[in-house]
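Survey of secondary and tertiary structure
Below, each chain spelled out in residue letters.
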Amino acid sequence: MRTFVALIVCCLGFFGAARGEESIRLAPGFRLDKFPAAQMPAGEWPATPALCARSDGLWFATRDNLFRLGARMGALEVPLPLDGFACSASGSVVLVAAGRLGPVAGRLFVPRVPLPSPATRVAGGAGDSLILFETTAPARIFRFDGRQAQPVATLAEPILAAAPAGDFVLVATPSGIYRLRPGEPLGLLFPLADMKPVVSLAIHPRTAEILFATEDELFLLDDGRATQLAAGLGGALAATAETVFVADGRRKGIYALRPAR
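In this report, the structure presented in the accompanying data block is examined. (Residues numbered from 1 in each chain as written. Predicted model: local features only at pLDDT ≥ 70, side-chain atom pairs only at ≥ 80, totals over all residues. Heavy atoms only, no water.)

Attention now moves to the overall build of the protein chain. Check the secondary structure of the protein chain and you find zero helices and 26 strands. Taken against the 2.2 N^0.38 rule, which gives 18 Å for 261 residues, the C-alpha radius of gyration of the protein chain at 18 Å falls within 12% of a compact globule. Dimensions along the principal axes, computed over C-alpha positions, put the protein chain at roughly 50 × 45 × 30 Å. Residue burial in the protein chain is summarised as follows: out of 261 residues, 51% are buried. For the protein chain, the computed accessible surface area is about 12200 Å², with 54% contributed by carbon and sulfur atoms. Averaging the coordinates of the 26 positive side-chain charges in the protein chain and doing the same for the 23 negative ones gives two points 4 Å apart. (Helix = DSSP H or I, 4+ residues; strand = E, 2+ residues; numbered from the N terminus. Rg over C-alpha atoms; globule rule 2.2 N^0.38 Å. Buried < 20%, exposed > 50% of the residue type's maximum accessible area, 1.4 Å probe, protein only. Areas by Shrake-Rupley, 256 points an atom, 1.4 Å probe, with all protein chains shown as cover. Lys, Arg positive; Asp, Glu negative; His and termini not counted. Charge placed at Lys NZ, Arg CZ, Asp CG, Glu CD.)

In structure tokens:
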């Protein structure tokens, strides 16, 4: 089966300049499009951007509201300071504000449960669940089913990013990208000791290949080999069958990476 990474037709030493972004370099076989300013949400970017690709479009949270790209009006009737945002695989949206986690009902945020600790971040989970993980060591990781946070494991290192992958969870720590299944030891998929910190993980929904990003690089991990897809571009990831979306916090822009046709 043709994989996403197979569309790279040359070795990694040869990059093409991204259209309109000369300092971004792409691996051959890809093109890059930037969302125009007219489709971008109004508001200040968060310290840790997040993206969510749902059936109704691409979602992004500013520091005080939630937006579907292309819609200038925020999804929240009353803006509030946001500390996190994620979507489950089924599309449920959850926000974090003032240390509490909760859904959006209508145009209102409904705070339901407190986070396990101030160092907790939220990521999308399998089905209608979410992943909660701590960014300080020892770092706990939880599965949130909408009612309570169930402990999955405690790691000796800080957790930098997490993503669901079938019946296990992918986690990135300073030392590597690991596969985690409850009751089993960590399985190392790729060492990261000589790389910049990972800020986002995603699974390609068509090929099941692993995408990961630092603040200024984007990689695809397959069979233990990491292939650089972009240099000078990084940040939060969301993937559909044909497109990898990147919210680059340094550039304050959202980009769509696609195979060149």
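A few words now on unusual backbone geometry. When glycine is set aside, most residues are seen to have a negative phi, and most peptide bonds are trans. Here Ala137 and Pro138 are connected by a cis peptide whose omega angle stands at -5°. For Pro138, the position within the fold is in the loop between strand S13 (130-134) and strand S14 (139-144). A positive phi angle is found at Asp223, which is not glycine, with a value near 55°. Position of Asp223 among the secondary structure elements: in the loop between strand S22 (217-222) and strand S23 (225-231). Its identity is not glycine, yet Lys252 carries a phi of approximately 55°, on the positive side. Within the element layout of this structure, Lys252 appears in the loop between strand S25 (244-248) and strand S26 (253-259). Judged by its relative accessible area of 46%, Lys252 is partly exposed.

Let's shift gears to the state of the cysteines. Inspection of the entire model under this criterion finds one disulfide. In this model Cys52 forms its disulfide with Cys87; the gap between the sulfur atoms is 2.1 Å. Its S-S torsion of approximately -120° makes the covalent link between Cys52 and Cys87 left-handed. One end of the pair, Cys52, is in strand S4 (residues 51-54); the other, Cys87, is in strand S7 (residues 84-87), with 35 residues separating them in the sequence. Accessibility expressed as a relative area gives 5% for Cys52, which makes it buried. (Disulfide = S-S within 2.5 Å.)

Along the chain, the position of Thr62 falls in the loop between strand S5 (57-61) and strand S6 (66-68). What makes Thr62 buried here is its relative accessible area of 1%. For Thr62, the residues in contact, after removing those within four places along its chain, are Pro41, Ala42, Gly43, Glu44, Pro46, Phe67 and Leu82. (Contact = heavy atoms within 4.5 Å.)

What follows concerns the side chain of Asp33. Among the secondary structure elements, Asp33 is positioned in strand S3 (residues 30-34). Polar contacts involving the side chain of Asp33 include one to the side chain of Arg31, which spans 2.3 Å. A distance of 3.1 Å separates polar atoms of two side chains, one belonging to Asp33 and the other to Arg258. (Polar contact = N/O pair within 3.5 Å; in protein donor to acceptor, adjacent residues only side chain to side chain.)

On to the nonpolar core, then. Core analysis: the largest hydrophobic core is formed by 19 residues, its most contacted members being Leu211, Leu218, Leu237 and Leu257. Every element with two or more residues in this core is listed here: strand S2 (21-26), S3, strand S21 (210-213), S22, S23, strand S24 (236-239), S25 and S26. Once you skip the residues sitting within four places of it in the chain, Leu211 turns out to touch Ser200, Leu201, Ala202, His204, Phe219, Leu220, Leu229, Leu237, Ala239 and Val244. (Core = buried A, V, L, I, M, F, W, Y, C linked by side-chain atoms within 4.5 Å.)

One pass over the structure, following the stated rule, counts four aromatic pairs. Measuring from centroid to centroid gives 6.1 Å for Phe35 and Phe245, while their planes differ by 50°, and the two rings are tilted. Of the two residues, Phe35 sits in the loop between S3 and S4 while Phe245 sits in strand S25, which places them 210 residues apart along the sequence. We classify Phe245 as buried; its relative accessible area is 11%. Summarising the aromatic geometry, the rings of Phe190 and Phe212 are spaced 6.1 Å apart at their centres and angled 40° between planes, so their arrangement reads as tilted. A residue pair is termed long-range when its members are at least 10 positions apart, and Phe190 in strand S19 (residues 187-191) and Phe212 in strand S21 qualify at 22 residues. Residue classification places Phe190 among the buried positions, given a relative accessible area of 13%. For Phe212, a relative accessible area of 0% corresponds to the buried category. Feature note: the residues Phe190, Phe212 and Phe219 constitute an aromatic cluster, connected by ring pairs. (Phe/Tyr/Trp six-rings, centres within 6.5 Å; stacked < 30°, edge-to-face > 60°.)

Structural measurements only, silent on function.
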